[in-house]
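Letter by letter, the chains look like this.
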Amino acid sequence: MKKFFQILTIVLALVAVTQVITSSPEAKADPHSEPGI
Amino acid sequence: MKLIGSINHYRADPSGWIGSIVMFLFSIIAIWKWQTTGFIFFALLTLRDLAATWFLLTRNPSLKKSKPSWKDILAYLSSAFPFFYLGADTPTNMYVMVNLITIAGFTLSTLALIELGQSFGVSPSNRGVVRSGVYRLTKHPMYLGYAISEIGFVLLNPINIFLWITSGTLYCFRAKLENKVLD
């Protein structure tokens, strides 16, 4: 279970970083759609 | 069967079950936040909460634990702190930096929680000292990860600095209590 969660965390972190770097400028900030984080 | 056995084996740990339910509720909030804000780092927070849900169900019995008190409530409040931060008032040009800092912090925290595994608990208790994985780098990698990730929230909205100071104080307090129990 530990190994499973570790792999999932690394994969998710890599996907998140890739998504942030490659996302379009319009999608980068839309603070008015949601008042809080 | 082994899966069910590992849960039932520790059914004498009611605080583990309660903690597990609380962390599962946190994971639902994290999914909701992820969907409504679009910030992908909430996916990591969801994973943290689901891993915590599992490890609280299957954790080792405590060797030494402080009596249930307001400290437990503070510990859970501190765990929920990432949900309290305010969003940006104006479009931020630091989107990439904010996200990368927050992702880095939550990755460290989640890896620390997973490394603790069956020794994990929200309130301070001794279920065996862990010195492997990210715990080789620092004594409290989970709190360090949260502090790093929450810097991203401060960059997003400077008002969040007050929440960051409060949150940081709570992490220091929890670290101090843990040191006391583990020594």
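For the structure itself, consult the block above.
Residues numbered from 1 in each chain as written. Chains lettered and ligands numbered in written order. Predicted model: local features only at pLDDT ≥ 70, side-chain atom pairs only at ≥ 80, totals over all residues. Heavy atoms only, no water.

### What about the overall build of chain A?
Selection rule: Note on conventions: DSSP H or I runs of at least 4 residues are helices, E runs of at least 2 residues are strands, and numbering of each starts at the N terminus. Classification of residues uses two cut-offs on accessible area relative to the type maximum, computed with a 1.4 Å probe and protein chains only: under 20% is buried, over 50% is exposed, and between them is partly exposed. Reported accessibility uses the Shrake-Rupley method at a 1.4 Å probe radius. Residues are deemed covered only where the shown protein chains occlude them.
In terms of helices and strands, chain A carries two helices and zero strands. Expressed as a percentage of its 37 residues, the buried residues of chain A come to 30%. Surface accessibility of chain A: about 2400 Å² in total, with carbon and sulfur atoms responsible for 69%.

### Focus: the pattern of salt bridges
Inclusion rule: Any carboxyl oxygen of Asp or Glu within 4 Å of a side-chain nitrogen of Lys or Arg constitutes a salt bridge here.
The tally for this structure, following the rule as stated, stands at two salt bridges over all chains. In this structure, Lys2 of chain A and Glu115 of chain B form a salt bridge, with 3.9 Å as the shortest nitrogen-oxygen distance. Here Lys2 of chain A, found in helix α1 (residues 2-22), pairs with Glu115 of chain B, found in helix α5 (residues 95-116), and the two come from separate chains. Linking Arg48 of chain B and Asp49 of chain B is a salt bridge whose minimum nitrogen-to-oxygen distance equals 2.6 Å. When sorted by exposure, Arg48 of chain B lands in the same class as Asp49 of chain B, which is buried.

### Here's the deal with helix α3 (residues 41-58) of chain B
Selection rule: Expected span, for any helix, means 1.5 Å times one less than how many residues it has.
Counted at 1.5 Å a residue, the expected span for α3 of chain B with its 18 residues is 26 Å, and the 26 Å between its end C-alpha atoms agrees. Of all 18 residues that make up α3 of chain B, 17 are buried, and the element is covered over most of its length.

### Some words on the packing of aromatic side chains
Residue and element names in this part refer to chain B. Keep this limit in mind: Aromatic pairs are defined between Phe, Tyr and Trp rings, using the six-membered ring for Trp, whenever the two ring centres lie within 6.5 Å; interplanar angles under 30 degrees are classed as stacked, those over 60 as edge-to-face, and all others as tilted.
Tallying each qualifying case throughout the model produces 14 aromatic pairs over all chains. Ring geometry for Trp70 and Phe173: centres 5.9 Å apart, planes at 20°, overall stacked. Taken together, the residues span a long stretch of sequence, with Trp70 in helix α4 (residues 70-80) and Phe173 in helix α7 (residues 161-182) at a distance of 103 residues. Relative accessible area serves as the criterion here: at 29%, Phe173 is assigned to the partly exposed category. With 6.4 Å between their ring centres and 70° between their planes, Phe81 and Tyr85 make a pair best called edge-to-face. The buried category is assigned to Tyr85, whose relative accessible area is 1%. Three or more aromatic residues joined by ring pairs form one cluster here, namely Phe39, Phe41, Phe42, Phe81, Phe84, Tyr85, Phe106 and Phe153.

### Details of the nonpolar core
To keep it simple, the criterion reads: The criterion is simple. A nonpolar core is a set of buried Ala, Val, Leu, Ile, Met, Phe, Trp, Tyr and Cys residues joined through side-chain atoms within 4.5 Å. When checking whether two residues touch, look at their non-hydrogen atoms; a contact exists if any pair is within 4.5 Å.
Counting 50 residues, the largest nonpolar core has Phe55, Ile103, Phe120 and Met142 of chain B as its most contacted members. At the level of elements, α1 of chain A together with α2 (14-37), α3, α4, α5, α6 (141-156) and α7 of chain B are the ones that each hand at least two residues to this core. Of all the elements, α3 of chain B adds the most residues to this core, at 11 residues. When near neighbours in sequence (up to four residues on either side) are disregarded, Phe120 of chain B contacts Ala52, Phe55, Leu56, Arg59, Leu113, Arg127 and Met142 of chain B.

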